[in-house]
Amino acid sequence: MLIANATLANGRTVDVRVEGERIDAVGSLGGEPDVDADGKLLLPGAIDAHVHFREPGFPHKETWETGSRSAAAGGVTTVVDQPNTDPPTVDGAGFDGKAELARESYVDYGINGGVIEDWDPDELFDRPLFALGEVFLADSTGEMGIDAELFEEAVGRAAAEDVTVTVHAEDATLFDEDALSNAGEGVGRDADADAWSTYRSADAEVRAIERACEVGSGSGARVHVAHTTTPEGIDAASEAGATCEVCPHHLFLSRDDLDDLGTYGRMNPPLRNEERREAVFERVRDGTVDLVATDHAPHTREEKETGIREAPSGVPGVETMVPLLLAAAERGELSRERVRDLTATNPARLFELPRKGEVREGMDADLALYDPERVETIRGEALHSKAGWTPFEGRDGVFPELTLVRGSVVYERGEADGKDEAFGGAVGRNVRG
Ligand SMILES: NC(=O)N[C@@H](CC(=O)O)C(=O)O
Ligand SMILES: [Zn+2]
Ligand SMILES: [Zn+2]
């Protein structure tokens, strides 16, 4: 396949030849193109290092099929699934069962292993684990919070096995219980959602990040802090030599949006104030933050239509990550190269995926083509997750027109002239083989 006249993130216009699963050549190639990109933006497929695709256990929320279609339609060509499924991915059978289901995936994937009191590290480390994590230092969906002693043991094992540990860093002993018990009684969009942000305080996150980094440094393990929401936490991780990620919801939403979102804006860690959001955005722009990942955590509308104390935590996001970032790039809020690095090049380097994350000869042909001039309004009902809603309703997004996974077209958007949106098949593979 020859893709002609594509503009790369660095501004160069090139032709890209795909041969089988790989990029065969990048440059001025000539020849009859299969796709005339006409100057549109070609990015390496995004690697979303943090998704919850809910299978096994909760297929009414999402399946590997629906989650990975949503990924493909958002320019994401690799996802990393988290262990809080049912059964949880904490032993050999849990891993193998999930690996079987993941064969339905349209995009490439990694599978993380988790830690609970009766996990089986010997069996887990015997499997092609992507990383150990997310290790929950406080309860979130799935109630997999562990104590300090087990965390130290798990980090020690990961260091010995040379596997990265990804951490959900919140310290539940520092949560403001009163804020939650005093929260209002509204339901769904009318819920007193701001109470959730007071309850799971910024301080509880910062202290847990500091502690997790200490344990990491002590054992020589590579620690990656998931979904950071505070400039203090990002700086602490960076100073300790840990890596960290930020989610689109913490970049583009703040406590100011909770009046509209209600329980639809409840997630862990929660939304912070505007001042913190801006400080986090600054660290994403300047490269202090290593990567953006979505923590795609779909729940149904019915599940969200309860009070702030009862609603499940989490928001969908795998399909809107690159679109939101590209729209922000169009507004001049960060560069296209930064978008490429945060969503593809950096996660590939950090998690050691040598054939992914760049548009370059010899790499996997994981590619997504965008028309940056086509800024659309994000609509939950147009997205492909089972959730059917998005916290980014009404925001701007630049969506892909074409997505390739190792040379196979997995997504092609519909056109006004009657051509239907089309999905390829389940071509996804485990990136740790
Ligand atoms: N982030 C969330 O609020 N929810 C996640 C779990 C998690 O990442 O903590 C989920 O699985 O629903
Ligand atoms: Zn988490
Ligand atoms: Zn998560």
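Residues numbered from 1 in each chain as written. Chains lettered and ligands numbered in written order. Predicted model: local features only at pLDDT ≥ 70, side-chain atom pairs only at ≥ 80, totals over all residues. Heavy atoms only, no water.

1. Notes on the packing of helix H8 (residues 231-239) against helix H11 (residues 274-285)
Worth spelling out the cut-off: To obtain an axis, a line is fitted to C-alpha atoms, over the contacting stretch when the element is a helix, and the angle between two such axes runs from 0 to 180 degrees between their N-to-C directions. The secondary structure listing takes helices from DSSP runs of H or I that are at least 4 residues long and strands from runs of E that are at least 2 residues long, numbered from the N terminus. Whether two residues are in contact is decided by their heavy atoms, any of which lying within 4.5 Å being enough. Three classes are used, and their members are as follows: Ala, Val, Leu, Ile, Met, Phe, Trp, Tyr, Cys and Pro are nonpolar, Asp, Glu, Lys and Arg are charged, and the others, Gly among them, are polar.
Closest axis-to-axis distance for the H8/H11 pair is 8 Å, and the angle between their directions is 35°. Where H8 abuts H11, its residues Pro 231, Glu 232, Ile 234 and Asp 235 lie against Arg 276, Ala 279, Val 280 and Arg 283. Class assignment of the residues belonging to the contact of H8 with H11 gives a composition of four nonpolar, no polar and four charged.

2. Regarding the site of ligand 1
Selection criterion: Near is defined per residue: the residue qualifies when any heavy atom it owns lies within 4 Å of the molecule or strand. Any pair of nitrogen or oxygen atoms within 3.5 Å is treated as a polar contact; in protein, a donor-acceptor pairing is required on top of that, and neighbouring residues in sequence qualify only through side-chain atoms on both sides. The Shrake-Rupley method, run with a 1.4 Å probe sphere, supplies the accessible areas, and residue values consider only the shown protein chains as cover.
If you check the shell around ligand 1, you find 17 residues, and the closest are Arg 54, Ser 140, Thr 141, Asn 268 and Asp 295. One of the side-chain N or O atoms of His 52 is found 3.2 Å from an oxygen atom in ligand 1. Here Asp 295 contributes a side-chain N or O atom positioned 2.7 Å from a nitrogen atom of ligand 1. Here ligand 1 loses 100% of its free accessible area of 310 Å² to cover by the protein chains. Residue composition of the shell around ligand 1, grouped by class: three nonpolar, 11 polar and three charged.

3. Thoughts on the side chain of Asn 84
Positionally, Asn 84 belongs in the loop between strand S7 (76-81) and helix H2 (92-101). Side chain to side chain, Asn 84 and His 52 meet in a polar contact 2.7 Å long. For Asn 84, the residues in contact, after removing those within four places along its chain, are His 52, Arg 54, Phe 58, Phe 136, Thr 141, Gly 142 and Met 144.

4. Brief notes about the coordination of the zinc ion (ligand 2)
Going by this rule: Water is absent from the atoms considered, so a metal site may look incomplete; donors are defined as N, O and S atoms within 2.8 Å of the metal, or 3.2 Å for Na, K and Ca. With a 1.4 Å probe rolled over the protein chains alone, any residue whose accessible area is under 20% of its type maximum counts as buried; one over 50% counts as exposed, and the rest are partly exposed.
Of the protein atoms, only Glu 134 (OE), His 168 (ND1) and His 227 (NE2) coordinate the zinc ion (ligand 2), at distances of 1.9 to 2.1 Å. Counting gaps between the donor residues of the zinc ion (ligand 2) yields the pattern E-x33-H-x58-H. Between the two metal centres, the zinc ion (ligand 2) and the zinc ion (ligand 3), the spacing is 3.5 Å, with Glu 134 acting as a shared donor. Placement of the pair is His 168 in strand S10 (residues 165-168) and His 227 in the loop between strand S11 (223-225) and H8, with a sequence separation of 59 residues. You can call His 227 buried: its relative accessible area is 1%.

5. A short note on the coordination of the zinc ion (ligand 3)
Around the zinc ion (ligand 3), the protein contributes the donor atoms His 50 (NE2), His 52 (NE2), Glu 134 (OE) and Asp 295 (OD), which lie 2.0 to 2.2 Å from the metal centre. Of note, the donors binding the zinc ion (ligand 3) are all from one chain and are spaced H-x1-H-x81-E-x160-D.

6. Some remarks on the nonpolar core
Operational definition: Residue types Ala, Val, Leu, Ile, Met, Phe, Trp, Tyr and Cys, when buried and joined through side-chain atoms within 4.5 Å, form a set referred to as a nonpolar core.
Ranked by internal contacts, the top residues of the largest apolar core, which has 104 residues, are Val 79, Trp 119, Leu 132, Phe 151 and Leu 251. Non-local contacts of Trp 119, meaning those with residues more than four positions away in its chain, are made with Val 90, Gly 114, Leu 124, Phe 125, Leu 132, Leu 150, Glu 153 and Ala 154. Val 16, Ala 37, Ala 365 and Leu 369 belong to the second-largest nonpolar core, a separate cluster that totals 17 residues.

7. Some thoughts on the UniProt feature "domain: Amidohydrolase-related" (unreviewed entry) in the protein
The condition that has to hold: UniProt positions are given in the numbering used here, feature names are shortened, and annotations may be inferred rather than shown by experiment.
The UniProt record marks residues 42-372 with the feature "domain: Amidohydrolase-related" (unreviewed entry), using the residue numbering of this structure. A distance of 10 Å separates the end C-alpha atoms of residues 42-372, which is 38% helix and 12% strand.

8. Describing the pairing of S7
Here is the rule we go by: For two strands to be treated as a pair, DSSP must find no fewer than two bridges joining them. Crossovers are described as right-handed under a simple rule: with the strands pointing away from the observer, the path leading from the first strand over the helix to the second runs clockwise.
Summarising burial for S7: six of the six residues are buried, a large majority. Bridge analysis of strand S6 (residues 46-51) against S7 gives four bridges, and the strand direction is parallel. Bridge pairing links Asp 48 to Val 79 in S7. Running through helix H1 (residues 64-72), the crossover from S6 to the neighbouring parallel element S7 is right-handed. Sheet topology note: the S7/strand S8 (residues 108-111) ladder contains four bridges and is parallel. When the bridges of S8 are listed, Val 80 appears paired with Gly 110.

9. A word on helix H7 (residues 202-219)
Rules: Multiplying 1.5 Å by the residue count of a helix minus one yields the expected span of that helix.
Over its 18 residues, H7 runs 26 Å from end to end, which matches the ideal 26 Å to within 8%, given 1.5 Å per residue. Restricting attention to buried positions, one finds in H7 the residues Ala 202, Ala 204, Glu 205, Val 206, Ala 208, Ile 209, Ala 212, Cys 213, Val 215 and Gly 216. Residues of H7 that are buried make contact with helix H4 (148-161), S10, S11, H8 and H11. Just downstream of H7 lies Gly 220, where phi reads positive at about 75°.

10. A short note on the packing of aromatic side chains
Test applied: Think of it this way: a Phe, Tyr or Trp ring, Trp meaning its six-membered ring, pairs with another when their centres are within 6.5 Å, and the plane angle makes it stacked under 30 degrees, edge-to-face over 60, tilted otherwise. When the NZ atom of lysine or the CZ atom of arginine is within 6 Å of a ring's centre and also within 35 degrees of its normal, the charge is said to sit over that ring.
Taken as a whole and assessed by the stated rule, the structure comprises 10 aromatic pairs. For the pair Trp 119 and Phe 125, a centre-to-centre distance of 6.4 Å together with 75° between the ring planes defines the contact as edge-to-face. We classify Trp 119 as buried; its relative accessible area is 8%. Here Phe 130 and Phe 351 contribute two aromatic rings whose centre-to-centre distance is 5.0 Å and whose plane-to-plane angle is 45°, an arrangement assigned as tilted. Here the residue Phe 130 occupies a position in the loop between helix H3 (121-125) and strand S9 (132-136), and Phe 351 occupies one in the loop between helix H14 (336-350) and strand S14 (367-370), the gap between them amounting to 221 residues. Overall, Phe 130 belongs to the buried group, its relative accessible area being 4%. Classification of Phe 351 as buried rests on a relative accessible area of 3%. In this structure, Arg 266 is placed above the aromatic ring of Trp 196, and the distance from its NZ or CZ to the ring centre is 3.5 Å. Note that Arg 432 overlies the ring of Phe 130, its terminal NZ or CZ placed 4.3 Å from the centroid.

11. Regarding the sheet that holds S7
Across the sheet, three strands lie side by side as S6-S7-S8; this open sheet has parallel pairing. Lying at the two open borders of the sheet, with one neighbouring strand each, are S6 and S8. Strand-to-strand, the axes of this sheet are offset by a mean angle of 20°, without reference to chain direction. Against the sheet, H1 contacts S7 and S8, and its axis sits at roughly 140° relative to S7.

12. Concerning the sheet that holds S10
Judged by pairing direction, the sheet is parallel, and its five strands sit side by side in the order S9-S10-S11-S12-S13 without closing on themselves. Only two strands of the sheet have a single neighbouring strand rather than two, namely S9 and strand S13 (291-292). Relative to strand S12 (residues 243-246), S11 runs parallel, the two being bridged by two bridges. Bridge pairing in S12 places Val 225 opposite Cys 244.

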